[in-house]
Amino acid sequence: MPEEKIFVTQSSMPPYEEYIESIKPLWDSHWLTNMGQYHRELEARLCEYLEVPELSLMVNGHMALELAIQSFDFPEGTEIITTPFTFISTTHAIVRNRLKPVFCDVKLSDGTIDETKIEDLITEKTVAILPVHVYGNVCNIEEIQRIADKYNLKVIYDAAHAFGVKYKGKGIGSYGDASIFSFHATKVFNTIEGGAVTFSDHRIYEKLYNLKNFGIRGEELVCDVGANAKMNEFAAIMGLCNLKHIDEALRERKKRYDYYIERLHDVKGIRIFEKNSEATNNYAYFPIVIEDEYGKTRDELYCILRENNIYARKYFYPITSDQACFKNKYKRVELECARKLAKQVLVIPFYENLGISSMYKVISSLKCGKE
Ligand SMILES: *Cc1c(COP(=O)(O)O)cnc(C)c1O
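Remember, it's a predicted structure, so these values are computed and weren't measured experimentally.

Overview of the domain arrangement of the chain
And then number 1: We note that the domain assignment places domain 1 (16-240) and domain 2 (245-369) within the chain.
And then number 2: A separation of 25 Å is found between the C-alpha centroids of domain 1 and domain 2.
And then number 3: Between domain 1 and domain 2, the residue contacts involve 43 residues of the former and 39 residues of the latter.
And then number 4: Carbon and sulfur atoms supply 64% of the area that domain 1 and domain 2 bury against each other, a total of about 3,500 Å² over both sides.
And then number 5: Seen at the junction of domain 1 and domain 2, the total is two salt bridges.
And then number 6: Measuring nitrogen to oxygen at the nearest pair gives 3.9 Å for the salt bridge that ties Lys168 to Glu278.
And then number 7: Our enumeration of links across domain 1 and domain 2 arrives at 14 residue pairs in polar contact (both at pLDDT 80 or more).
And then number 8: Of all the secondary-structure elements, those providing two or more residues to the side of domain 1 that touches domain 2 are helix H5 (88-95), strand E4 (100-103) and strand E7 (166-167).
And then number 9: In terms of residue class, the side of domain 1 that touches domain 2 is made up of 22 nonpolar, 11 polar and 10 charged.

A look at the pattern of salt bridges
For side chains bearing opposite charge, pairing can occur when the charged atoms are close.
And then number 1: One pass over the structure, following the stated rule, counts 29 salt bridges.
And then number 2: Ionic pairing is found between Lys117 and Asp105, a salt bridge with its closest N-O pair at 3.5 Å. Here Lys117, found in the loop between E4 and strand E5 (126-130), pairs with Asp105, found in the loop between E4 and E5; they are 12 residues apart in sequence, far enough to count as distant.
And then number 3: Between Lys168 and Glu142 there is a salt bridge; the shortest N-O distance is 2.8 Å. Note that Lys168 is positioned in the loop between E7 and strand E8 (170-171) and Glu142 in helix H6 (residues 141-151), a separation of 26 residues in sequence.
And then number 4: Under the relative-accessibility criterion, Glu142 is labelled partly exposed at 38%.
And then number 5: One continuous salt-bridge network, built from bridges that share partners, spans Glu119, Glu143, Arg146 and Lys150.

Let's talk about the nonpolar core
And then number 1: Grouped together as the largest cluster of nonpolar side chains are 70 residues, with contacts concentrated most on Leu46, Phe85, Tyr135, Phe163 and Phe183.
And then number 2: Tallying contributions element by element places helix H8 (residues 233-244) first for this core, with seven residues.
And then number 3: Looking at which domains feed residues into this core, each of domain 1 (16-240) and domain 2 (245-369) gives three or more.
And then number 4: When residues no more than four places from it in sequence are discounted, the contact partners of Leu46 are Glu51, Leu55, Leu57, Phe163, Phe183, Phe189 and Leu243.
And then number 5: By size, the runner-up hydrophobic cluster in this structure holds 27 residues, among which are Ile180, Ile204, Tyr205 and Ala229.

Cut-offs used in this document
Residues numbered from 1 in each chain as written. Predicted model: local features only at pLDDT ≥ 70, side-chain atom pairs only at ≥ 80, totals over all residues. Heavy atoms only, no water. Domains from an automatic or database assignment. Contact = heavy atoms within 4.5 Å. Buried area = accessible area lost by both parts, 1.4 Å probe. Salt bridge = Lys/Arg side-chain N within 4 Å of Asp/Glu carboxyl O. Polar contact = N/O pair within 3.5 Å; in protein donor to acceptor, adjacent residues only side chain to side chain. Helix = DSSP H or I, 4+ residues; strand = E, 2+ residues; numbered from the N terminus. Nonpolar A, V, L, I, M, F, W, Y, C, P; charged D, E, K, R; others polar. Buried < 20%, exposed > 50% of the residue type's maximum accessible area, 1.4 Å probe, protein only. Core = buried A, V, L, I, M, F, W, Y, C linked by side-chain atoms within 4.5 Å.

Given below as structure tokens:
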């Protein structure tokens, strides 16, 4: 029998019967999308869970980000300061809005944008800062807000990895002018495909409503040039079901997190990112940083794991500014730390149902890999 493959993640799913029971009413109502009952219910539940004043559900995290940026009506060609150490969606969302990404380096300690390097990148064209709470690691929110206030910039957080994170007792989505979340199948909470924008200014809700539903405001009234980015009812129900089990899922993730930490924290050359002591951990990913003392490179380790049927991932390599579609297109900035991290980081298998024997195998491969 071929050996079982251990993937980096596995989508959370509610018990089969629970989902089937929950979607039955759709066969009576025939109301499958267009801001139905379950769309509204999930918006309300998520506002509570994420502890945010307002939230708009979207068809996916990328459209949430694209439309969140669009909702601020920035003039074409203006600049947004952002991180290149992220999933490609972050940079695409800026460029697809006909705005210019200005890449800022990150901190080696946790992979988030280096707030001390932001001010030097500001020009008359800068309109916003778009940082990423990468792996759920919280950015330096106070300093970023101080800079934004000083130069009158908007702050839009890509919180795709930060579902459920609390910072100083408040939902992470309540900081900045807006934050976006992804509910993609591979994220810590999923609606199969889905996402949301959180914000505190109600006018953004109205604007996003137009942008996600063609700008339609009445049977004969279209008042804005909107796209179509609505979440459908099957997805919303998947979200409602998964949300019922999220606390249990997080408890299971925490156990596995502690198990990994205990066995990996003293392995020479394997570094674990620093966590902000005032932020909660949402146990979304388990990234490790492979340093020189490890004796092998990240890429060599990646191959060794592959040979053992362990599918770790190089999130995020290459950095987005070095991808074929963006290379040499934007302002040149020193991105030494981002490039260094991208060559060192490896996200290892981590999810709530990950078996103990699989974890044992991952750990022994990481330890043997050294030899
Ligand atoms: C997943 C992700 C997105 C995009 O979300 P989708 O739901 O897949 O469209 C955006 N930014 C980051 C950092 C992500 O990891």
